[in-house]
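Coordinates in review
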Amino acid sequence: MASGDLIDSQGNSLAMPKVNVLTMFRLGLFQMGLSMMSILTLGVLNRVMIQEIAIPATLVGAVLAIQLFVSPSRIWFGQMSDAKPIWGYHRTAYVWVGAAIFAVASFLAVQVLWQLNSVVSSAGGWTWTTQTISWIALLALVFALYGLAICASSTAFAALLVDISEEDNRSKVVGVVWSMLMVGIIVGAIISSSLLKQLTPEATTATLQASVNKLFIVVPAIVFALGIIATFGVEKKYSQYTTRSTVINREDSITLGAAWRILTASPQTGLFFTFLVVMTLGLFMQDPILEPYAGQVFRMPLAESTKLNVFYGTGILIAYGVGGFLIVPRLGKQRTIRLGCMLVALCAGLLGISGFSANPALLKLALVLFGLATGILTTAAVTLMLDLTAPETSGTFIGAWGLAQSLARGTAVAAGGAILDVGRKVLPNLVLAYGLVFALEAALMLLALWFLNRLNVREFQTNAKQAIASILQSELD
């Protein structure tokens, strides 16, 4: 019996089988689906709203960010998945129910958008009226529902990864599962481009609506099916949740107040939370403006600008495999993160500079390099995130890390649109206006490095876990 095996009250080993590579790839299908949904909201709708409907970029960024600003619910969903099983499952049912809801909500968001487009077209352009405000408010509400569903499913899924992995194979699990996320970006971009290929700059509104509606029926249906396939049977076979529940006090009866005390038991938790926020801001500020950048500066049609995600995703896909299996094990997590931050800063600068050439080939090259840098950085950061997750309260910690990333990404999406509008007003041309967004991304990556250098993982692993155990004991006594 291995020294790390769990023992029940009769002295029997409770060790679960280690997850194999095939199961890692199957789990990755869910991440693949999430990235396909991201392509729809941040790769298609952003351009339709900014360029085709001519909604102000600041407003577009704010509306799209709503789905991310509901991320405080991640802590609640994480704690719920620890404490309240559905249909006998702590993780799987949350993944499935969440996937069903966000699939339906995405289609509803598009239907609201067409109503808004009708109002804008009737007015001859964007104006602030009671009707436009009402439809924008409804669109924001639908995006909030969509975001809550994403929070429920993705938080439970990430907690499942903690439950089925150990420290010695965690970087491989992350590398494989997150590489499938990038496969989703590539597949989603190809499907979207294929279904939108008939759209030309002269396409009618009816043609645009028919193509986008079809896209938002086909892709969400595929994503829901992927969620079922990815997680079916995994929790029952591989999860250590059940075995841990028999030998230690889990947080099954913990209040949200106790969950907060757990999260603040170590200053390292706060440091890593702040690092995640700054890093995520630096990675995603270009999300709402990349496709409009391609359309307005590089004169690329909608189908071609959507396909840009193939180049970005290819870079990340390569980096996830190389990072998880080669770079992180050799350099270590924190040194790899430092390297990734510096590379992302350089590549963000290249994205801005490429606009001066208006050469689509240079933009595509810059996106491949940006994807490589992002993949190296996120592989190491996610692996470190799982190390800074106490297994006794994995749902709560995963919820906190998801909260940091989602709040930051929401802020990044909202800020990206607002900064672009400011740049348009104060800078002499569009290239500089878009370049301002990329320059701020580079600066944020350097700031993330400063927070990373203050982080002490060993302190968390030695001191925080003792404090957590004490809180759990007092709460459950």
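See the structure shown above.
All of these numbers come straight from a predicted model, not from anything done at the bench. (Residues numbered from 1 in each chain as written. Predicted model: local features only at pLDDT ≥ 70, side-chain atom pairs only at ≥ 80, totals over all residues. Heavy atoms only, no water.)

From N to C terminus, the chain includes 19 helices and zero strands. Across the 477 residues that make up the chain, the buried fraction comes to 58%. Within the chain, counting contacts between residues at least 6 apart in sequence, those at least 24 apart form 85% of the total. Total accessible area computed for the chain in this model is approximately 18,000 Å², and 65% of it derives from carbon and sulfur atoms. (Helix = DSSP H or I, 4+ residues; strand = E, 2+ residues; numbered from the N terminus. Buried < 20%, exposed > 50% of the residue type's maximum accessible area, 1.4 Å probe, protein only. Contact = heavy atoms within 4.5 Å. Areas by Shrake-Rupley, 256 points an atom, 1.4 Å probe, with all protein chains shown as cover.)

Moving on to the pattern of salt bridges. According to the stated counting rule, one finds two salt bridges in the structure shown. The salt bridge involving D421 is made with R424; its shortest N-O contact spans 3.3 Å. Here D421 pairs with R424, and both are found in helix α17 (residues 394–426), just three residues apart, close to one helical turn. Overall, the relative accessible area of 31% leaves R424 in the partly exposed class. (Salt bridge = Lys/Arg side-chain N within 4 Å of Asp/Glu carboxyl O.)

Tallying each qualifying case throughout the model produces eleven aromatic pairs. A ring pair is formed by Y293 and Y434, whose centres lie 4.9 Å apart and whose planes are at 40°; its orientation type is tilted. Here Y293, found in helix α12 (residues 290–296), pairs with Y434, found in helix α18 (residues 430–452); they are 141 residues apart in sequence, far enough to count as distant. When its relative accessible area of 0% is taken as the criterion, Y293 is described as buried. Grouped by ring-pair contacts, the aromatic residues Y293, F298, Y434 and F438 constitute a single cluster. (Phe/Tyr/Trp six-rings, centres within 6.5 Å; stacked < 30°, edge-to-face > 60°.)

The first and last C-alpha atoms of helix α2 (residues 57–69) sit 18 Å apart over 13 residues, in line with the 18 Å expected at 1.5 Å per residue. Taken residue by residue, α2 has A57, L59, V60, G61, V63, L64, A65, Q67 and L68 as its buried positions. (Expected span 1.5 Å × (residues − 1).)

Let us look at the environment of F298. Its location among the elements puts F298 in the loop between α12 and α13 (302–306). Remark: the alpha-carbon pair of F298 and P360, spanning 62 residues in sequence, is separated by 6.1 Å. Residues contacting F298, with those up to four places away along its chain left out, are Y293, S354, G355, A358, N359, P360 and L363.

Here we take up a nonpolar patch on the surface. A cluster of nonpolar residues, W87, V97, I101 and L145, forms a patch on the protein surface that exposes about 400 Å² of accessible area. Inspection of the secondary structure assignment puts W87 in the loop between α3 (73–83) and α4 (92–122). Accessibility expressed as a relative area gives 63% for W87, which makes it exposed. (Patch = residues over 30% accessible without salt bridge, like charges linked within 9 Å, V, L, I, M, F, W, Y side chains within 5 Å.)

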